[in-house]
Amino acid sequence: MQKKKRILLKVGSNTLTKETDNLSRGKIEDIANQIAILKKEYEFIIVSSGAIAVAKQFVKLESQQDSVFVKQALASIGQPHLIRIYQEIFRSYGLLTSQCLLSYSDFEKEESKSNIVNTINVLVNNDYIPIINENDTVATDEIKFGDNDKLGALTAALLGVDLFIIATNTNGIYTRESLATNTPKTIEEVTDYKDLKQEVLPSKSSHGSGGMLSKIEAVSVTKKANIETWIVNGLEDHFILNAFENKVPFTKIK
Ligand SMILES: Nc1ncnc2c1ncn2[C@@H]1O[C@H](COP(=O)(O)OP(=O)(O)O)[C@@H](O)[C@H]1O
Ligand SMILES: N[C@@H](CCC(=O)OP(=O)(O)O)C(=O)O
């Protein structure tokens, strides 16, 4: 049997909420449906944001503390709900899921790195789809709390995946010029990711934490590991299948 290709899919909060204030079960169904279609040829590992967005749906925390602690507390409330929703929906598509919470500091310790690789290999080899998020409770401000793009890239590099897909709320990276005239035009393919930095604006979407710059920083990690990265529009239905069939514009960093 031919070895399956491995895809690390990073899904941002805006994709998961479809830019509303609520998590979209329809979007998680769309992801599950695509994985079910592709699972004969590809194995998936997901890095999913959304814990804070889910919690915000039904909780308003009172606190005099720094807003980072409030976000960390919201993530702690939202994460089990997020995973429950993934589990319920993926199960209905015949897919098994698990949860892994990782911290940036885990990527600096050889033993932790090897434990991450070994655990994820056991999961994937047994047809479980690991759903990874940052361990937000212990995240520190200096390490830039809330940057799952980078977490996805570090995980992709550590696991040596074949493809890193970042699902966001734009058709990839637009040229700065086209954004200025309100006629967004996607940069379809680049080999030198450094060229992309000058195209990025500081804007972020409503639930977003990192913005496009953090995606480009993530690409610097995957590029070093020789992994191709695609930045695709997760708001569209069938966004992974469409990218494979080149039906929608997206940015490919080779
Ligand atoms: N050149 C660019 N092309 C596309 N989006 C850009 C660009 N520069 C900045 N952005 C912003 O980056 C946002 C995506 O990042 P982010 O808000 O962090 O989303 P996510 O939740 O998917 O991680 C876009 O919605 C847009 O506001
Ligand atoms: N770990 C946090 C999200 C952090 C994050 O990077 O969000 P995003 O910019 O939407 O990918 C959460 O689950 O809400």
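In what follows, the accompanying structure is described. (Residues numbered from 1 in each chain as written. Chains lettered and ligands numbered in written order. Predicted model: local features only at pLDDT ≥ 70, side-chain atom pairs only at ≥ 80, totals over all residues.)

Overview of the nonpolar core
Core analysis: the largest hydrophobic core is formed by 63 residues, its most contacted members being Leu8, Ile46, Phe164 and Ile165. Per-element accounting of this core gives the leading share, seven residues, to helix α4 (residues 67-92). (Core = buried A, V, L, I, M, F, W, Y, C linked by C-beta atoms within 7 Å. Buried ≥ 20, exposed ≤ 12 C-beta atoms within 10 Å, placed from the backbone. Helix = DSSP H or I, 4+ residues; strand = E, 2+ residues; numbered from the N terminus.)

A word on the sheet that holds strand β4 (residues 128-134)
With respect to topology, eight strands assemble into an open sheet ordered β3-β4-β2-β1-β5-β7-β8-β6, the strand pairing being mixed. Looking along the sheet, the strands with just one partner apiece sit at the ends: β3 (96-102) and β6 (189-190). Pairing of strand β2 (residues 42-48) with β4 involves two bridges; the strand directions are parallel. Within the sheet, the bridge partner assigned to Val47 lies in β4 and is Ile132. Running over the sheet, helix α6 (residues 148-159) touches β1 (5-11), β2, β3, β4 and β5 (163-168) and is turned about 170° from β1. (Pairing = 2+ DSSP bridges. Contact = placed C-beta atoms within 7 Å. Axes fitted to C-alpha atoms, helices over the stretch in contact; angles between N-to-C directions.)

Some remarks on the packing of helix α3 (residues 51-58) against α4
For the pair α3 and α4, the least separation of the axes is 6 Å and the interaxial angle reads 95°. Relative to α4, the element α3 lies roughly perpendicular. Counting all contacts with α3, which are made through Ala51, Ile52, Val54, Ala55 and Lys56, the residues of α4 involved are Lys71, Leu74, Ala75, Ile77, Gly78, Gln79, His81 and Leu82. Counted by class, the contact of α3 with α4 contains eight nonpolar, three polar and two charged residues. (Parallel < 35°, antiparallel > 145°, perpendicular 65-115°, else oblique. Nonpolar A, V, L, I, M, F, W, Y, C, P; charged D, E, K, R; others polar.)

Any functional reading would require information that these geometric values do not contain.
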